[in-house]
Amino acid sequence: AHRRELRDRLGMAPSPVLAAVQAELLDEGTTVRHGIRLSPNRLLGRASDLTAVRALIEASRVTSIIGAGGLGKTRLAQELAVTASQRAVHVVELAGVATGDGVLREVAGVVGTRDTSGRLSPTSARVVADVRASMAEQLSQVPTLLVLDNCEHVVDGVADLVDELVATSPQLRVLTTSRTPLDIDAEAVYLLPQLDDRTAADLFDVRARATRPDVDLPPEAVSRICAQLDGLPLAIELAAAKVRVMSVAEIERRLDNRLSLLRGTSRSAPARHQTLLAVIDWSWNLLSESERAALRRLAAFQDGFTLPAAAAVVGDAAEDLVTSLVTQSLLAVSETAFGARYRMLETVREFARMMLVDAGEDGDADDRARGWAADHALQWGTALLDSAQFEAMDRIRSEEANLTHALHAAAVRGEGDRVAALFSALATMWSIESNHFRVVRLGPEVDALLYHLRPAPRFADAHRSALTILGINAFIFNVRLAARSLSRLRRLPPQTTGFAGLLGELLLLLIVRGDAPTPEAILAAAAPYDRMGEIVGNAFAAQTAENAGDLAAAVRYSQAALEAAESCDTDPWTLAGAHQRVAEMALQVGEPERAAEHALRALPTLLRLGSIPDAAQLRGLRVLAALQQGDLETAEQRLREMVEDLDPSAESGLPATVNERMIRAEVDLARGRVEAGLEAYRDAAARSDALRAPEGIDADWLGFEPWILHTVAAAVAAHALHDRPAQVRGTASDLAARTAAVLDRSAGLFLDYPVTGAALYALGLWLVATPGDAVTGSRLMACGVAAGHARAYPSLALEPAGSRARDAVGAAYDEWVSSYAAHDRDALRAEALALLESGYGPLRPPAGAAGPRASRR
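Residues numbered from 1 in each chain as written. Predicted model: local features only at pLDDT ≥ 70, side-chain atom pairs only at ≥ 80, totals over all residues. Heavy atoms only, no water.

(A) Layout of the overall build of the protein chain. Looking only at helices and strands, the protein chain features 40 helices and 8 strands. Across the 857 residues of the protein chain, 56% fall into the buried class. For the protein chain, restricting intrachain contacts to residue pairs at least 6 apart in sequence, the fraction spanning at least 24 positions comes to 73%. About 33,800 Å² of surface is accessible on the protein chain, with carbon and sulfur atoms providing 53% of the total. (Helix = DSSP H or I, 4+ residues; strand = E, 2+ residues; numbered from the N terminus. Buried < 20%, exposed > 50% of the residue type's maximum accessible area, 1.4 Å probe, protein only. Contact = heavy atoms within 4.5 Å. Areas by Shrake-Rupley, 256 points an atom, 1.4 Å probe, with all protein chains shown as cover.)

Structure (structure tokens):
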């Protein structure tokens, strides 16, 4: 189906060569699996169930595994997710979700964390519609399996969401686990049976001997126990774990009594539900009162926890109590880089949470858990931008689920100080990871809490940091949102030390000025902040110079930032960023060896910090550097490393794929594999449209994102250079319309000159390659050069494209390049707009049509 669709779009007849190329391209896609928990034990007795459910998934849009709690639905679903054939697999655990809104937020957080997981309370109809549309778009990119686990307590919300998603996402398959069906038209139901007698006994034997290898397991007694437990895997495992402290005969006797006591206590409850409750309640009643109190209070955590976290909600005896609960198999323990981490089985957590509420202790336990989360954020958030950065990132990331849950809960309760601490730490981590969408998604709700807050002294630095991060990330997308954070920052006492104070000062400069500040003004504003001011000030100055098309100045300021970073004990991310900036500028000005060297020095740090998008760009940069040097063998080797070593996450899988397709295209073109290279570029351009900022974000350039324009520009230029302009006629037309809209609506605002220049350069080259107006095309190319267009990709380089223009119009091309270089920015923008009108006039949007308010880096 993919090959037929591609063939139809290309207008080509089927051929064995094209089919082979298409198959190769489709096979190269990386499978992204998110949320999977690999089991340390073999799945017993479920081979036929796996086969049956796989067949249903192939035949039906929605498949529901139905059965009692503890029957093994989650374990079966995880096994199916691990072996699924779909290109993307997302597993969403809904056990901790309480409402339909929570379902939407949880699923959105797993499926598209870049752009949806940050929303605190998506309750308005418009917000819900925006989030659902964004989710449907994300799930439509590649064949996807969405696994929704533990749906029974929010079945209405799940059914409503799934019904809409399968109607709008044609490549999506959904697998749910629940105690009740969704009852929607697309659903096929699989009733999961209990384990057969032999498998149940085998499971008991395996788990019991893992607990106590020398235990005596009388077969008949084991069979009776498994029969009483109705073949429920969770119940069998809990019972088998008790051989640590009692014999099989004692287990049988106690279990029998407990089941007899609980059967029939609720005539409306399913029998198997009663059976599972009996097993858990039996385990519960084996605990001392202090152990019960600890277990129910530990249910306040949404994820695993450490001993310090446990102590925050349980008290000083936490270590002894947690150890006792581990011994009784009510807590699982795993080793991490920071010591032991504990986790409840979800069904046990549900039971413990119920007991916590019944005891009337949920308010206090939840408050203590939020207090611990805020303390953890304060402790490690301050280290995220110093020499302990690696450990701080690991500490925050390991508790991300707990901290994010605490942030949501604190926001709902209006706990501004805790929100400031949690947001400051999480948003700093997400910014380091280049996960800016997630930060901005949280912005309005967090800003509303912090705007009038007078923070307690202990939270003052976190408050300033939170406002600064809000403003910096908002400025990337919308000046008005950034100005709101700035207005609150200006009411705080001045701070002339620290990273937050420095960024706040630069944010003030950027917003107050009606146009782009000069590099000199930026350096003056940063000067009071000593060496950090020198680093960041020069980095901002380099960005400003490049954006204005002054590449020589950008190179100079980038080098100054790196030298300042190397001369002091700055954090690894800042130092890596300085190397990255030097590498990018070196490639722009034709110094590939230097570019590759600095990219290599930055790459390990960015990978260690989890900044996958930046790491992907640096890997691609090293390939491009080899191409600039004419070293095709090295370029292909670096491309293989890029594909093999980079593990795209759910947040960055698509951007990494688009970047890889562009780099692969350039390697193929350099190797003379023209058709394969151009095909890869068309694929990159098609995929890039899915990289739009989510519509829930109020971006000045929504729909005209610079990274999209650059990808499309490179694709258009490549086809023009290789005499295939007709293959991208529609793409060029769309790029012309977008570029004209950007130029037309950016007066007085920041314009991304390198990206806009690349679009002008590509469009001009396309006109030169197409029988028609070569003069207009050459002049557009000259405008792009004057704008300092992004030229790292060979297809956008000064040569051989410049020679094509000279062949068409002679020495006039170089005269136009020189002439436009002397234009000021307003004159250059007006000239480019007029040339677009001349060359692509009929494609220009009508006056007054919607367009971007600005386009900036």
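Back to the write-up after that little detour.
(B) Just helix α34 (residues 706-721), in detail. In this model, α34 (16 residues) spans 22 Å end to end at C-alpha, consistent with the 22 Å of a helix rising 1.5 Å per residue. Burial analysis of α34 places 15 of its 16 residues in the buried class, the great majority of the element. Following α34 by one or two positions, Asp-723 adopts a phi angle in the positive range, close to 60°. (Expected span 1.5 Å × (residues − 1).)

(C) Broad picture of the packing of helix α26 (residues 530-547) against helix α28 (residues 572-588). Contact pair α26 / α28: the axes reach a minimum separation of 11 Å and the direction vectors enclose 25°. In terms of orientation, α26 lies roughly parallel with respect to α28. As α26 packs across α28, the resulting crossing turns out to be left-handed. On α28, the residues that touch Ile-535, Ala-542, Gln-543 and Glu-546 of α26 are Thr-574, Arg-581, Met-585 and Gln-588. Looking at side-chain class alone, the contact of α26 with α28 contains 3 nonpolar, 3 polar and 2 charged residues. (Axes fitted to C-alpha atoms, helices over the stretch in contact; angles between N-to-C directions. Parallel < 35°, antiparallel > 145°, perpendicular 65-115°, else oblique. Left-handed = near helix turned anticlockwise from the far one by under 90°. Nonpolar A, V, L, I, M, F, W, Y, C, P; charged D, E, K, R; others polar.)

(D) The sheet that holds strand β6 (residues 187-191), seen in detail. An order of β1-β3-β4-β5-β2-β6 is seen for the 6 strands of this open sheet, with the pairing classed as parallel. Only two strands of the sheet have a single partner each, and these edge strands are β1 (32-34) and β6. Direction aside, the axes of adjacent strands within the sheet are offset by 15° on average. Relative to strand β3 (residues 88-93), β1 is paired through 3 bridges, and the arrangement is parallel. Across the sheet, residue Val-32 finds its bridge partner in β3, namely Ala-88. (Pairing = 2+ DSSP bridges.)

(E) Representation of the environment of Arg-791 in the model. The residue Arg-791 is located in the loop between α37 (774-786) and α38 (801-809) in this model. As for Arg-791 and Ala-714, which are separated by 77 residues in sequence, their C-alpha atoms are 9.2 Å apart. For Arg-791, the residues in contact, after removing those within four places along its chain, are Leu-551, Gln-588, Val-785, Leu-796, Ala-797 and Leu-798.

(F) Quick peek at the packing of aromatic side chains. Here the structure, examined in full by the defined rule, presents 5 aromatic pairs. Ring plane angle 90° and centroid distance 5.6 Å describe the contact between Phe-301 and Trp-372, whose orientation is recorded as edge-to-face. Here the residue Phe-301 occupies a position in the loop between α13 (289-298) and α14 (307-314), and Trp-372 occupies one in helix α17 (residues 362-381), the gap between them amounting to 71 residues. Like Phe-301, the residue Trp-372 is buried in the burial classification. Connected via pairs of aromatic rings, a cluster forms that spans Phe-301, Phe-305, Tyr-342 and Trp-372. The ring of Tyr-557 carries Arg-556 above its face, with NZ or CZ at 5.3 Å from the centroid. Taking NZ or CZ as reference, Arg-825 lies 4.9 Å from the ring centre of Tyr-753, over its face. (Phe/Tyr/Trp six-rings, centres within 6.5 Å; stacked < 30°, edge-to-face > 60°. Lys NZ or Arg CZ within 6 Å of the ring centre and 35° of its normal.)

(G) Looking closely at the pattern of salt bridges. On inspection of all chains with the given rule, the structure shows 47 salt bridges. For Glu-400, the salt bridge goes to Arg-438, with nearest N and O atoms at 2.8 Å. Of this pair, Glu-400 sits in helix α19 (residues 400-412) while Arg-438 is found in helix α21 (residues 436-450), placing the two residues 38 residues apart along the sequence. Note on Glu-400: relative accessible area 19%, which makes it buried. One salt bridge in this structure joins Asp-683 and Arg-661, with 3.2 Å as the shortest N-O distance. Linking Asp-683 in helix α33 (residues 674-688) with Arg-661 in helix α32 (residues 653-670), this pair joins segments that are 22 residues apart in sequence. (Salt bridge = Lys/Arg side-chain N within 4 Å of Asp/Glu carboxyl O.)

(H) The arrangement of the pairing of strand β2 (residues 62-66) in detail. Counting buried positions over the 5 residues of β2 gives 5, a clear majority of the element. Judged by which residues are buried, β2 turns out to be covered on both faces: Val-62, Ser-64 and Ile-66 on one side and Thr-63 and Ile-65 on the other are all buried. With 5 bridges joining them, β2 and strand β5 (residues 172-178) adopt parallel strand pairing. By the bridge assignment for β5, Ile-66 is matched with Ser-178. Two strands pair when backbone bridges link them, and β2 and β6 are joined in this way by 5 bridges, in the parallel orientation. Across the sheet, the residue bridging to Ser-64 is Val-189, located in β6.

(I) Summary view of unusual backbone geometry. Omega for the peptide link from Glu-799 to Pro-800 comes to 15°, which places this bond in the cis form. Mapping Pro-800 onto the fold places it in the loop between α37 and α38. In the Ramachandran plot, Ser-434 falls in the positive-phi region, its phi being about 65° despite a non-glycine side chain. The backbone of Asp-723 shows a phi angle near 60°, a positive value even though the residue is not glycine. Relative to the helices and strands, Asp-723 is located in the loop between α34 and α35 (729-744). Under the relative-accessibility criterion, Asp-723 is labelled exposed at 52%.

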